[in-house]
Amino acid sequence: MEDCLLLDAGSGGRASQRLVAQCFFRHFANPLLERMDDAALLTDVRGPLAMSTDSYTVTPLIFPGGSIGSLAVHGTVNDVAMLGARPRYLSCAFILEEGLSLETLERVTADMAAAAREAGVLIVTGDTKVVPHGACDKIFINTTGIGEVFADPVPSGHNARPGDAVLVSGAMGDHGLTVMGSREGLSFLTDVASDSAPLNHMVVDILESAGPVHVLRDPTRGGLATTLNEIAEQSQVGIVLEESAIPVHEAVKNGCSFLGLDPLYLANEGKCICIVPEDRAEAALKAMRRSPYGKEAARVGTVTDGKAQVSLQTRIGGRRLLGMLEGAQLPRIC
């Protein structure tokens, strides 16, 4: 293979076969994928099923704590898990720019394979397109996930109830600030790393330990504040957060202070929101903290009666509304 991607690698001919064999099959190898049919035959999945799809476009492609490859697995695995499902299978489609370094593609593919192994999912079907230089920005990836729903009832943004406890599995804002720092070359953010991680094993433990959970959601684009506003609107409830209880790493606090950003609106890629009845909150927190990705889990608020809005009880005793994110703090984040 050449050092960079040529347009004929997307032609469907020999060059395409070489790319698939030498890069994708080498990392994603499994019997279902290797059949090379037009679709994957899945004979061992039982309904009900959860399905999610997402497209990933981030710059830079590789950043502290991950890459577009690991992100494309974690993001879709987590979306499926938030419905109380065990993710089983992923499809993966690449749109690649002519001239892309094959070393970069190899790194991204290896990261995807490692992320899939950790999550316990198989990449079973996919597609590759190569477009002329300038038609896309290096790599776009789409992944679709399928998982078996085991939760009963199924968690949903419509299920929050007054009196419920609002929990988060860890510190807010790491991913968003990491991507910004890497993109802009901000040397004072070198201590910040993305939180990108698979949460499906943690979710299983939460549901098995705490019993029925009302809401599970991962606060990605728009961050904690925007995601909670979506839940408040879906369930027609209020949500009150305690500022002092929300975990935010010191480096993220300092970076946000310098840049004029609010960590509650920054993207996260390895955190979940869990809304549970009050009497199950401690069991859910303990389950989160057993995961390597939930050591900093905390209760951050309470669901209330009244208008569908999110408010923040500040450290100095005041209260302010947290609305939906307006505009984009940082585009091309995931």
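These figures come from a predicted structure and were not determined experimentally.

Novice: Requested: an account of the environment of Thr 109, with residues and values cited.
Specialist: Topologically, Thr 109 is positioned in helix 4 (residues 102–119). Thr 109 sits 78 residues away from Ser 187 along the chain, and the two C-alpha atoms are 28 Å apart. For Thr 109, the side chain forms a polar contact with the main-chain oxygen of Leu 105, separated by 2.8 Å.

Novice: Describe the domain arrangement of the protein, with residues and values.
Specialist: Segmentation of the protein into domains returns domain 1 (4–149) and domain 2 (164–322). Just the C-alpha atoms count here: the centres of domain 1 and domain 2 sit 28 Å apart. Each partner contributes residues to the interface: domain 1 has 21 residues there, and domain 2 has 24 residues. Taken as a group, Pro 64, Asn 78 and Met 82 account for 30% of the area that domain 1 buries against domain 2, more than any other trio of residues on that side. Put simply, domain 1 and domain 2 have one salt bridge between them.

Novice: Requested: an account of the pattern of salt bridges, with residues and values cited.
Specialist: One pass over the structure, following the stated rule, counts 15 salt bridges. The shortest N-O distance in the salt bridge between Asp 44 and Arg 88 comes to 2.7 Å. Here Asp 44 is found in the loop between helix 2 (31–34) and strand 1 (49–56), whereas its partner Arg 88 is found in strand 4 (residues 85–97), with 44 residues between them in sequence. Here Asp 44 falls in the partly exposed class, since its relative accessible area comes to 40%. The class for Arg 88 is partly exposed, based on a relative accessible area of 22%. Between Lys 271 and Asp 195 there is a salt bridge, and its shortest N-O distance comes to 3.1 Å.

Novice: Describe the layout of surface pockets, with residues and values.
Specialist: The space that makes up the largest pocket amounts to roughly 610 Å³. Together, 28 residues line the largest pocket, and Val 20, Met 36, Gly 126, Asp 127 and Thr 128 are the ones closest to its centre. Of all the secondary structure elements, the ones that give two or more residues to the lining of the largest pocket are helix 1 (14–28), helix 2, strand 4 and strand 5 (122–131). In terms of residues, the lining of the largest pocket owes the most to one element, helix 1, which gives eight residues. When grouped by side-chain class, the residues that make up the lining of the largest pocket number 16 nonpolar, eight polar and four charged.

Novice: Can you lay out the packing of aromatic side chains for me, pointing to particular residues and giving the numbers?
Specialist: Under the definition given, this model contains three aromatic pairs. With a centroid separation of 4.6 Å and an interplanar angle of 20°, the aromatic rings of Phe 24 and Phe 94 are classed as stacked. With a gap of 70 residues between them, Phe 24 in helix 1 and Phe 94 in strand 4 connect regions that are remote in the sequence. There is no split in this pair, since Phe 24 and Phe 94 are both buried. Within the aromatic cluster, the residues linked to one another by ring pairs are Phe 24, Phe 28 and Phe 94. Note that Arg 86 overlies the ring of Phe 150, its terminal NZ or CZ placed 4.2 Å from the centroid.

Novice: Kindly report on the packing of helix 1 against helix 4, identifying the contributing residues and their values.
Specialist: Running from N to C, helix 1 and helix 4 point in directions that differ by 25°, and their axes come no closer than 8 Å. Taken together, helix 1 and helix 4 sit at an angle that is classed as roughly parallel. In this structure, the crossing between helix 1 and helix 4 has a hand that is right-handed. Between helix 1 and helix 4, the contacting residues are Leu 19, Gln 22, Cys 23, Phe 24, Arg 26, His 27 and Phe 28 on the first element and Leu 102, Leu 105, Glu 106, Thr 109, Ala 110, Met 112, Ala 113 and Arg 117 on the second. When grouped by side-chain class, the residues that make up the contact of helix 1 with helix 4 number nine nonpolar, three polar and three charged.

Novice: Now, about helix 9 (residues 281–290): what can you tell me, with residues and values included?
Specialist: Three or more residues of helix 9 are buried, namely Ala 281, Ala 284, Leu 285, Ala 287 and Met 288. Each buried residue of helix 9 lies within a common arc of 160° when the element is viewed along its axis, so the set occupies one face.

Rules behind the numbers
Residues numbered from 1 in each chain as written. Predicted model: local features only at pLDDT ≥ 70, side-chain atom pairs only at ≥ 80, totals over all residues. Heavy atoms only, no water. Helix = DSSP H or I, 4+ residues; strand = E, 2+ residues; numbered from the N terminus. Polar contact = N/O pair within 3.5 Å; in protein donor to acceptor, adjacent residues only side chain to side chain. Domains from an automatic or database assignment. Contact = heavy atoms within 4.5 Å. Buried area = accessible area lost by both parts, 1.4 Å probe. Salt bridge = Lys/Arg side-chain N within 4 Å of Asp/Glu carboxyl O. Buried < 20%, exposed > 50% of the residue type's maximum accessible area, 1.4 Å probe, protein only. 1 Å grid on protein atoms, 1.4 Å probe; cavity = no way out; pocket = protein on both sides within 12 Å on 5 of 7 lines; lining within 4 Å. Points joined across faces, edges and corners; volume = space filled by probe spheres on them. Nonpolar A, V, L, I, M, F, W, Y, C, P; charged D, E, K, R; others polar. Phe/Tyr/Trp six-rings, centres within 6.5 Å; stacked < 30°, edge-to-face > 60°. Lys NZ or Arg CZ within 6 Å of the ring centre and 35° of its normal. Axes fitted to C-alpha atoms, helices over the stretch in contact; angles between N-to-C directions. Parallel < 35°, antiparallel > 145°, perpendicular 65-115°, else oblique. Left-handed = near helix turned anticlockwise from the far one by under 90°. Arc of directions from axis to C-beta.

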